[in-house]
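Structure at a glance
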Amino acid sequence: MAKFSTNTKTDVLIHLGIIIASLLILFFGFFFIYLPWSTNHGEAVQVPKIEGLTLDEAKKELERAGLDYEVSDSVFKAGAKPLSIISLYPKAGSTVKSNRKVFLTVAAVSAPLVKLPNIIGRSTISGKNQLLSAGLEFDQEEKIPALEENTILKVKIGNRELQPGDEVPKGSKIIFVVGDGYADQKIDMPDVVGMEQEEADLLLTGLGLSVGQIISEPSSAPAGTVIRQRPAAGPENKIRLGAPVDLWVSAGGE
């Protein structure tokens, strides 16, 4: 067995140097030779952009890039194609080792059911907010004669009327049936023929009617004068409040 002399200070320093050099060789050998070799250091690939692709399409892209995959979650997303990629980790564009596993979140095949909140009798603004909180979407308004202006009287999907608490697919588009504020109240059709257009507009709106089409046509009457109206005036012609009245206005000349 070899013996090392430690009789002098120089011998001790030499031996200490040998020990330190050995440790350094082991350290650099492990981190710069063995570790890179065992972990395929330097064989990096970029995660492809696969959001929106179907699972089969995404699988091909990942295999082409030398990556593995695993579906980690399935969630519902309105408008997303079933089993399409919603998100992934690591994110697209990240640089990772070859054969790294990419975790995928895909769109659910069917939407989960949610309960329709009780929005009957609420304002349209309040109803929209409650739909959003429940995971539903507002589609459009349908107005019906009713004194409750901008108040939700019914809710529908397509032609099917719904009741509060009914279960519907998350993301469904809901139609509001709201009142127009006039109900079925009717008044005698006023006579605005011969008035200036502006005067006729003021009279009609003041009575709770609306101005419909304005048609200009040549006439011997002064320009801007109402020469005809629809519906015609008279107590026999009743018109519902809020209904439009079309006016023909003189353009002057014959």
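Residues numbered from 1 in each chain as written. Predicted model: local features only at pLDDT ≥ 70, side-chain atom pairs only at ≥ 80, totals over all residues. Heavy atoms only, no water.

**A word on the overall build of the chain**
Here is the rule we go by: To qualify as a helix, a DSSP run of H or I must reach at least 4 residues; to qualify as a strand, a run of E must reach at least 2; elements of each kind are numbered from the N terminus. Residue exposure (1.4 Å probe, protein chains only): buried if accessible area is under 20% of the type maximum, exposed if over 50%, otherwise partly exposed. Residues count as neighbours in contact if any of their non-hydrogen atoms are within 4.5 Å of one another. For accessible areas, the Shrake-Rupley method is used with a probe of radius 1.4 Å. Any residue's cover is judged against the shown protein chains and nothing else.
Along the chain, the regular secondary structure elements total four helices and 16 strands. Every one of the 254 residues in the chain was classed for burial, and the buried ones make up 28%. For the chain, restricting intrachain contacts to residue pairs at least 6 apart in sequence, the fraction spanning at least 24 positions comes to 70%. When the accessible surface of the chain is totalled, it reaches about 16,100 Å², and 55% of it is carbon and sulfur.

**A word on the packing of aromatic side chains**
Aromatic ring pairs are reported here in terms of the distance separating the ring centres and the angle at which the planes meet. Condition: Paired rings are identified among Phe, Tyr and Trp, the last through its six-membered ring, by centres lying within 6.5 Å, and are further divided according to the angle between planes into stacked (under 30 degrees), edge-to-face (over 60) and tilted (the rest).
All chains considered together, the criterion is met by one aromatic pair. Aromatic side chains F138 and F176 sit 4.9 Å apart centroid to centroid with 55° between the ring planes, which places their arrangement in the tilted category. Taken together, the residues F138 in strand β7 (residues 137–149) and F176 in strand β11 (residues 173–179) connect sequence positions 38 residues apart. Given the relative accessible area of 29%, F138 is considered partly exposed. Judged by relative accessible area, F176 falls into the buried class, the value being 0%.

**Looking at the sheet that holds strand β8 (residues 152–157)**
To be explicit about the condition: DSSP-based pairing: two strands are paired if at least 2 bridges between them are found. Axis definition: a line fitted to C-alpha atoms, limited for helices to the stretch in contact. Angles are taken between N-to-C directions and run from 0 to 180 degrees.
Read from one edge to the other, the open sheet built from four strands follows the order β7-β11-β8-β9, with strand pairing classed as mixed. Strands at the two margins of the open sheet, each flanked by one partner only, are β7 and β9 (160–162). The mean angle between the axes of side-by-side strands here comes to 30°, regardless of whether they run parallel or antiparallel. As paired strands, β8 and β9 are joined by three bridges and run antiparallel to one another. Within the sheet, the bridge partner assigned to V155 lies in β9 and is L162. Sheet contacts for helix α3 (residues 124–133): β7, β8 and β11; angle to β11, the most-contacted strand, approximately 165°.

**Re the side chain of T151**
With respect to the helices, strands and loops of the structure, T151 is situated in the loop between β7 and β8. Accessibility expressed as a relative area gives 17% for T151, which makes it buried.

**Here's the deal with the pattern of salt bridges**
Put simply, the rule reads: Each salt bridge in this description consists of a side-chain nitrogen of Lys or Arg and a carboxyl oxygen of Asp or Glu lying within 4 Å of one another.
By the definition in use, this model includes seven salt bridges. Across the salt bridge formed by E141 and K143, the nearest N and O atoms sit 3.9 Å from each other. Note that D246 is salt-bridged to R230, the shortest N-O span being 2.8 Å. You can see D246 sitting in strand β16 (residues 244–250) and its partner R230 sitting in strand β14 (residues 226–230), a full 16 residues away along the chain. A relative accessible area of 12% places D246 in the buried class.

**Topic: the sheet that holds strand β13 (residues 210–217)**
The mixed open sheet is built from three strands, whose spatial order is β13-β16-β14. Single-partner strands in this sheet number two, and they are β13 and β14. The sheet shows a mean angle of 25° between the axes of neighbouring strands, taken without regard to direction. With six bridges connecting them, β13 and β16 associate as parallel partners. Each bridged residue has a counterpart across the sheet, and for I214 the counterpart in β16 is L247.

**Section: a nonpolar patch on the surface**
Put simply, the test is: What makes a patch is a set of residues exposed beyond 30% relative accessible area and free of salt bridges, joined within 9 Å when like-charged and within 5 Å when nonpolar (Val, Leu, Ile, Met, Phe, Trp, Tyr).
On the surface, a nonpolar cluster with roughly 580 Å² of combined accessible area is contributed by L13, L16, I20, L24, F27 and F28. Residue position: L13 is located in helix α1 (residues 9–38).

**Some thoughts on the confidence of the model for the chain**
Worth spelling out the cut-off: Confidence of the predictor at the level of single residues is given by pLDDT, which spans 0 to 100.
Per-residue pLDDT for the chain averages 84, and the proportion of residues at 70 or more is 89%. Across the chain, β14 holds the top mean pLDDT of 94, while α1 sits lowest at 71.

**Examining the environment of I120**
By the secondary structure assignment, I120 is in the loop between β6 (113–115) and α3. Residue I120 is classed as partly exposed on the basis of its relative accessible area, which comes to 36%. It is 8.8 Å that separates the C-alpha atoms of I120 and Q163, two residues lying 43 residues apart in sequence. Once residues within four sequence positions are removed from consideration, I120 is found in contact with I152, L153, K154, V155 and P164.

**Some remarks on the environment of I85**
Its location among the elements puts I85 in strand β3 (residues 85–89). Remark: the alpha-carbon pair of I85 and A108, spanning 23 residues in sequence, is separated by 9.9 Å. Residues in contact with I85, not counting those within four places in the same chain, are I50, E51, G52, L53, T54, L55, A58, L104, T105 and V106.

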